Amino acid sequence: MSERRSPKKRKDAPIAVSVSEPSSTDPVLISFPRGLPISIIEEDEGDLPKFKCRRLNSKRGLVVTGEDDTCTYSATAEGRGHDGRLTKTYVCVLDKKARTLKLVPAAEKGTIFALNQTVKEYTPNVKHGTRLVGDGNVGDSGTSATDRVKMLVESFGSKKKQKVMKSRAANRVNINAVVGAGTLMAASVAKQEGISEANRKGMEEGGEQVNPSDAALDAARRNLLPPFNEKAEKPFEVYDAETIIGTSAWTRVSRIVTKKVVGESEQMNNTDDLILKLMGKINADKFPSIRTLMGSINMSKTSGTYKMKVAFYVYLATKFNNMLGNRGEIRGKTLDDCIHSCHLPHDVGYKLFETFGTAMQGDREGYQVSKPKRDSLLVQILILYVMAHGKRMKVSNLGPIFKDLNIRAKEGVERLRQAGFECKKSNSTGEYDACLNVPLTFPRPKLARR
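Quick look at the structure, then. Since we're looking at a predicted model, the values are computed, not measured.

## Focus on the overall build of the chain
And step 1. What the chain contains, in helices and strands, is 19 helices and 15 strands.
And step 2. For the chain, buried positions account for 37% of its 450 residues.
And step 3. Considering only residue pairs separated by 6 or more positions, the chain has 59% of its internal contacts joining residues 24 or more positions apart.
And step 4. Per element, the accessible surface of the chain, about 28200 Å² overall, is 50% carbon and sulfur.

Set out below in structure tokens:
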């Protein structure tokens, strides 16, 4: 009787992994943030959605559009080059027989297109100047608006889809038409379960009379200034440096400064070597106001490192501003090329270009900063320059920083006043001093002379 042999253990062969280079045939990945279409969930609910892709313009960007029996879908990627994301999406194809794994990047450098869903032929009937929502007026088709909406909702067999439709109908209520009719109608609409928080807040504040001029002035101010806290009780709480700079850029600046500070820990009382390592000899001489600012920071104190981080970002943003020149342009084939030409850390450069720059169209390659965006950039630099001096939010002798930014004193003072600062000319030096007081007040616009 022969002995029964135990089966040999199979040794798994290694899998060969290969990564494909980006190309025009990369797969397009999409998502449905508002839920999968009913035709995908249930087989008997109409044809599947059909999608098309086209270029946003001749050189960059991609637009994905699609439709089914009830809805249309769309998503856009502007295609401005590398966006600094730490993760990008790849499609993995595993061949079990050949023992290979192929990684194919998704289209537009690993972008997932989140589709915006719109219901076909659905228009909420809010009659302007009245308090009627779907008021039942019969149109040319002989069916009232209320009946048309009801028929559209009932045409979907899924209860989930009906809830989505009810929610969309609630969010599409014209707030201006409802609020003007009185508190009773506004309260009844506000109690709807599906209404958005923005609409609910607008209805709660709708009883207050708003001056159109003040509203327009406030909108223009918020476009010019970084985020600010109007209800701040202390001057240093009005603006937040990390919010202005951005999380990614602030993290990068923090790493650079912290690394240099650790390297100079033995010479903490003398910051000259630290300044030269952060700015370099040539740039330190080119921007004397920022060098003086860094030299005044006591690194032995707890707040020293924080101030140095803000001052270092002021240096980088000032260098970016001066690179723009009079035309406000920086040339380069890609965003990475533009960042490299400015000699900026990638995260900081990406933040500056995406916040203030616009990609050039046509034959010109690079980025351009418009006049309003240039003003906003100057405001941010000046605010951060004051913040780097400490929590008192006071600075004397602004002349050197105006000179480093290549702007006149009159323009610099105007930008600070627009940010809520009080600027006065010193009798002793003849230069402007600035301070920020609370409660925060903004100047009224000056009327143009006729």
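Past the structure itself, the notes keep going.
## Notes on unusual backbone geometry
And step 1. Note that the residue after valine 438, namely proline 439, is joined by a cis bond; omega there is 0°.
And step 2. Its place among the elements puts proline 439 in the segment after β15 (432–436).
And step 3. Positive phi is not limited to glycine here, since arginine 99 has a value of about 55°.
And step 4. Relative to the assigned elements, arginine 99 resides in the loop between β6 (90–95) and β7 (100–105).
And step 5. When its relative accessible area of 27% is taken as the criterion, arginine 99 is described as partly exposed.
And step 6. Despite not being glycine, asparagine 406 has its phi angle at roughly 60°, a positive value.

## As for helix α19 (residues 409–418)
And step 1. Turning to α19, its buried residues number three or more, namely Glu411, Gly412, Val413, Arg415 and Leu416.
And step 2. Looking at the packing, one finds that the buried side of α19 touches α17 (371–387), α18 (399–404), β14 (421–425) and β15.
And step 3. At the C-terminal side of α19, glycine 420 shows a positive phi close to 100°.

## Here we look at the environment of serine 396
And step 1. Checked against the element boundaries, serine 396 lands in the loop between β13 (394–395) and α18.
And step 2. Sequence separation between serine 396 and lysine 425 is 29 residues, and the spatial gap between their C-alpha atoms is 9.4 Å.
And step 3. For serine 396, the contacting residues outside a window of four places in its chain are Tyr432 and Asp433.

## Some details on the sheet that holds strand β11 (residues 358–359)
And step 1. Read from one edge to the other, the open sheet built from three strands follows the order β10-β12-β11, with strand pairing classed as antiparallel. In the strand order of this sheet, the two ends are held by β10 (329–331) and β11, each with one partner.
And step 2. Where β11 and strand β12 (residues 366–368) come together, two bridges link them in antiparallel fashion. Paired with threonine 358 across the strands is glutamine 368, a residue of β12.

## Quick look at the sheet that holds β15
And step 1. The three strands lie next to each other as β13-β15-β14, forming an open sheet whose pairing is antiparallel. The sheet is open, and its two borders are formed by β13 and β14, each paired with just one other strand.
And step 2. Bridge analysis of β13 against β15 gives two bridges, and the strand direction is antiparallel. Within the sheet, the bridge partner assigned to lysine 394 lies in β15 and is cysteine 435.
And step 3. Across the face of the sheet, α19 comes into contact with β14 and β15 while running at roughly 150° to β14.

## So, the nonpolar core
And step 1. Membership of the largest hydrophobic core comes to 77 residues, with the highest contact counts inside it found for Tyr239, Phe320 and Phe421.
And step 2. Of all the elements, helix α14 (residues 304–324) adds the most residues to this core, at 11 residues.
And step 3. In this view, phenylalanine 320 contacts Ile330, Cys342, Leu344, Leu352, Phe353, Val369 and Leu377; residues no more than four positions away in its chain are not counted.
And step 4. With 11 residues, the next largest nonpolar core counts Leu62, Ala77, Phe113 and Leu115 among its residues.

## Some remarks on the packing of α14 against helix α16 (residues 346–356)
For any two helices packed against each other, the geometry comes down to the angle between their axes and how far apart the axes lie.
And step 1. Packing of α14 against α16 brings their axes to within 11 Å, and their N-to-C directions diverge by 55°. In terms of orientation, α14 lies oblique with respect to α16. The element α14 and its partner α16 pack so that their crossing is right-handed. Across the interface between the two elements, Tyr313, Leu316, Ala317 and Phe320 of α14 pack against Val348, Lys351, Leu352 and Phe353 of α16.
And step 2. For the contact of α14 with α16, the per-class residue count stands at seven nonpolar, no polar and one charged.

## A few points about the pattern of salt bridges
And step 1. Within the structure shown, the criterion is met by 12 salt bridges.
And step 2. One salt bridge connects glutamate 329 with arginine 327, and the closest N-O pair in it is separated by 3.6 Å.
And step 3. In this structure, glutamate 414 and arginine 415 form a salt bridge, with 3.8 Å as the shortest nitrogen-oxygen distance.
And step 4. A relative accessible area of 40% means that glutamate 414 is categorised as partly exposed.
And step 5. The exposure class of arginine 415 is buried, given its relative accessible area of 7%.

What counts, and where the lines are drawn
- Residue numbers restart at each chain and count upward from 1, following the sequence in its written direction.
- With the structure being a predicted model, the display of local features is reserved for residues of pLDDT at least 70 and the display and counting of side-chain atom pairs for 80 or more, all residues being used for whole-chain, interface and lining totals.
- Only hydrogens and water are removed before side-chain values are computed, so all heavy atoms of the structure are retained for them.
- Numbering of helices and strands starts at the N terminus; helices are DSSP runs of H or I of at least 4 residues and strands are runs of E of at least 2.
- Burial here depends on accessible area, computed with a 1.4 Å probe over protein chains only, as a share of the maximum for the residue type. Under 20% is buried, over 50% is exposed, and the range in between is partly exposed.
- Here a residue-residue contact requires only that any non-hydrogen atoms of the pair lie within 4.5 Å.
- Residue exposure ignores everything except the shown protein chains as possible cover, and the areas themselves are Shrake-Rupley values with a 1.4 Å probe.
- Each pair of strands is called paired provided DSSP finds at least two bridges between the two strands.
- Each axis is a line fitted through C-alpha atoms, and for a helix only the stretch in contact is used; angles between axes span 0 to 180 degrees, taken between their N-to-C directions.
- Take the buried residues of types Ala, Val, Leu, Ile, Met, Phe, Trp, Tyr and Cys, join any two whose side-chain atoms come within 4.5 Å, and each joined set is a nonpolar core.
- Oblique is the label for any angle not under 35 degrees, not over 145, and not in the 65 to 115 range, which are roughly parallel, roughly antiparallel and roughly perpendicular in turn.
- Take the far helix as your reference; a near helix turned counterclockwise from it by less than a right angle gives a left-handed crossing, and one turned clockwise gives a right-handed crossing.
- Each residue gets one label: Ala, Val, Leu, Ile, Met, Phe, Trp, Tyr, Cys and Pro are nonpolar, Asp, Glu, Lys and Arg are charged, and the others, such as Gly, are polar.
- Salt bridge, as used here, is a side-chain nitrogen of Lys or Arg placed within 4 Å of a carboxyl oxygen of Asp or Glu.

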